[in-house]
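Coordinates in review
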Amino acid sequence: PAQSGLGALHDLSPRFGAVYDLFGDGKTALKASVNRYVLAMGPDVSFIQLANPSRNLVTSATRTWTDANRNYVPECDLANVRQNGECGAASNANFGTVVTNLTYDKDTLTGWGKRNFNWEVSAGVQRELAPGISADLMYFRRWYGNFVLVDDLAIGPADFDRFTIAAPRDPRLPDGGGYPVQGYDIKPAKFGVAAQPFVTLSREYGKQEDYWNGLDATVNARPRPGLFFQGGVSTGRRVEDNCDVVVKVDNPNPEYCHRVEPWLTFVKGYGSYTIPRIEVQVSGTYQTKPGPLVLALYTATNAQVAPSLGRNLSGGAPSVDVHLVSPGPYTTTNGGSGDLHGERLHQVDFRISKLLQFAGTRSRLNMDIYNALNSAAVV
């Protein structure tokens, strides 16, 4: 049991592991494990922070600004959340106050099995290939549950209107762009209403999934004294789906609610050799991994949105941001592809290390060369 500060939470988290000598010669081992982990409750957990009275000040809201005279100064009373001067209305009427209207689902805060958790299952084989050389092949599956959801009860799915725009033509976009992209805008009558955040678990609204499957293949070698090598390949894919939940809460935008990550593969190796007698160690590492995620956030103007929306954007907004691809390294099932990455990284690092002994002490003098091949994938 654990005390969260909001209620007593209890969990059972089993952890099992087993190893079996397949042939009885100590050279081939089958390995498997099943483990459950829960989120450690503390003051740094987000929904506990929300309950801290000292954090009740509403510090976030958005508002539009029309710089009519182009002096780059918002000529309005910024303390007034209503439309005045060059400033539109704030998106939350409680901005700048300690009135949060925050409520909790009491069933979420007490009892058994309420904390965020993840299960991990692994299975594989380890084999001695030769004296001092072994190989591992492992499969992993990890899945998560008890997702925390914050729903604004002041608004609901019916309080939003949908619009559709065409992604701009650009060779960097999937299929060169031009595909339809959906967005949602709150209805003018609901714009700026005081938020009523309600904290609960997403399972109260529907099914939500988040899981990962992966494979690791590793070789460890110590063929002779002073010589060591370790290297391997790791590949995995994550799948997320909250489509059953998102359509039932505020801003029910189902775009990219089902996201399937492409298989991302990493290769890493490390080796070292100690030169006899002079006690100089030469070592190096190599790694290759997918490039950084490339996002495609597009600012659609009111003129582009209004024909599909049937009205102007709420709050006098001149534009709205929409994701042209999924905001994550994913391919999607509802049009387009989010599998956009930068150039793959290939990096080699070297180290030369000299062992020094004097006056009964041992020290090492190191010289490191990072990115020895001058990979410029980062730019």
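Residues numbered from 1 in each chain as written. Predicted model: local features only at pLDDT ≥ 70, side-chain atom pairs only at ≥ 80, totals over all residues. Heavy atoms only, no water.

When you go through the protein chain residue by residue, the secondary structure sums to 4 helices and 23 strands. Radius of gyration (C-alpha) of the protein chain: 28 Å, far over the 21 Å computed for a compact globule of 379 residues. Dimensions of the protein chain, computed from the C-alpha atoms along their principal axes, are close to 80 × 50 × 50 Å. In the protein chain, buried positions account for 35% of the 379 residues. Counted over contacts in the protein chain with a minimum sequence separation of 6, partners at least 24 positions apart contribute 64%. Approximately 21700 Å² of the protein chain is accessible, and the part contributed by carbon and sulfur atoms is 57%. Across the protein chain, the 36 positively charged side chains and the 36 negatively charged ones have centroids separated by 7 Å. (Helix = DSSP H or I, 4+ residues; strand = E, 2+ residues; numbered from the N terminus. Rg over C-alpha atoms; globule rule 2.2 N^0.38 Å. Buried < 20%, exposed > 50% of the residue type's maximum accessible area, 1.4 Å probe, protein only. Contact = heavy atoms within 4.5 Å. Areas by Shrake-Rupley, 256 points an atom, 1.4 Å probe, with all protein chains shown as cover. Lys, Arg positive; Asp, Glu negative; His and termini not counted. Charge placed at Lys NZ, Arg CZ, Asp CG, Glu CD.)

Moving on to the pattern of salt bridges. One side chain can pair with another of opposite charge once the charged atoms of both are near each other. In the structure shown here, the tally under the stated rule is 15 salt bridges. With a shortest N-O distance of 4.0 Å, Lys187 and Asp161 are connected by a salt bridge. Of the two residues, Lys187 is situated in the loop between strand E11 (180–186) and strand E12 (197–201) and Asp161 in strand E10 (residues 160–166); the sequence distance between them amounts to 26 residues. Judged by its relative accessible area of 30%, Lys187 is partly exposed. It is possible to trace a salt-bridge network through shared partners that takes in Asp161, Asp185, Lys187 and Arg311. (Salt bridge = Lys/Arg side-chain N within 4 Å of Asp/Glu carboxyl O.)

Taken residue by residue, helix H4 (residues 302–309) has Asn302, Val305, Ala306 and Leu309 as its buried positions. The buried residues of H4 occupy an angular sector of 105° when the element is viewed end-on, so they sit on one face. Seen from the open side of H4, the exposed residues pointing more than 90 degrees away from its buried face are Ala303 and Pro307. On its buried side, H4 packs onto E10, E11, strand E18 (297–301) and strand E19 (319–323). Gly310, located one to two residues past H4, shows a positive phi value of around 85°. (Arc of directions from axis to C-beta.)

Moving on, we get to the state of the cysteines. The full count for this structure, using the stated rule, is 2 disulfides. The partner cysteine of Cys243 in its disulfide is Cys257, sulfur to sulfur 1.9 Å. As the torsion about the S-S bond is roughly 95°, the Cys243-Cys257 disulfide counts as right-handed. A residue pair is termed long-range when its members are at least 10 positions apart, and Cys243 in helix H3 (residues 243–246) and Cys257 in the loop between H3 and strand E15 (258–260) qualify at 14 residues. For Cys243, a relative accessible area of 23% translates into the label partly exposed. For Cys257, a relative accessible area of 9% gives the class buried. (Disulfide = S-S within 2.5 Å.)

Attention now moves to the sheet that holds strand E9 (residues 148–152). On the basis of which strands lie adjacent, the open sheet formed by 3 strands has the order E5-E12-E9 and mixed pairing. On the outer flanks of this sheet lie strand E5 (103–104) and E9, each paired with one strand and no other. Sheet topology note: the E9/E12 ladder contains 5 bridges and is antiparallel. The residue of E12 that forms the bridge with Leu149 is Thr200. (Pairing = 2+ DSSP bridges.)

Considering all chains together, one arrives at 2 aromatic pairs under this definition. Taken together, a centroid distance of 6.3 Å and an interplanar angle of 15° make the contact between Trp119 and Trp143 stacked. Of the two residues, Trp119 is situated in strand E7 (residues 117–130) and Trp143 in strand E8 (residues 133–145); the sequence distance between them amounts to 24 residues. Taking the centre distance of 5.9 Å and the plane angle of 55° together, the rings of Phe228 and Tyr270 count as tilted. One end of the pair, Phe228, is in strand E14 (residues 227–241); the other, Tyr270, is in strand E16 (residues 264–275), and 42 residues separate them in sequence. A relative accessible area of 31% places Tyr270 in the partly exposed class. Here the basic side chain of Arg36 rests over the ring of Phe117, its NZ or CZ set 4.7 Å away from the ring centre. Here the guanidinium or amino end of Arg141 rests over the ring plane of Tyr211, the centre of that ring lying 4.6 Å away. (Phe/Tyr/Trp six-rings, centres within 6.5 Å; stacked < 30°, edge-to-face > 60°. Lys NZ or Arg CZ within 6 Å of the ring centre and 35° of its normal.)

This paragraph deals with the nonpolar core. Ranked by size, the top nonpolar core spans 17 residues in total, and within it Phe163, Ile165, Tyr179, Val181, Val305 and Leu324 carry the most contacts. Residues in contact with Ile165, not counting those within four places in the same chain, are Tyr179, Pro180, Val181, Tyr298, Ala300, Gln304, Val305 and Val322. In this structure, Leu149, Phe198, Tyr205 and Val249 belong to the second largest nonpolar core, which totals 5 residues. (Core = buried A, V, L, I, M, F, W, Y, C linked by side-chain atoms within 4.5 Å.)

Take the confidence of the model for the protein chain next. Per-residue confidence for the protein chain gives a mean pLDDT of 88; residues scoring 70 or more make up 91%. pLDDT under 50 marks residues 1–5. Its contacts with residues more than four places away, or in other chains, come to 10 contacts. (pLDDT = per-residue confidence, 0-100.)

Turning to the pairing of E16, a few remarks are in order. Note that E14 and E16 share 10 bridges and pair antiparallel. Counted as the bridge partner of Ser234 is Phe266 from E16. In this sheet, strand E17 (residues 280–289) lies alongside E16 in antiparallel orientation, the contact comprising 9 bridges. Considered in E17, the bridge of Ser272 is made with Ser283. What sits between the antiparallel neighbours E16 and E17 is a turn of 4 residues, in which Arg277 has the positive phi angle 70°.

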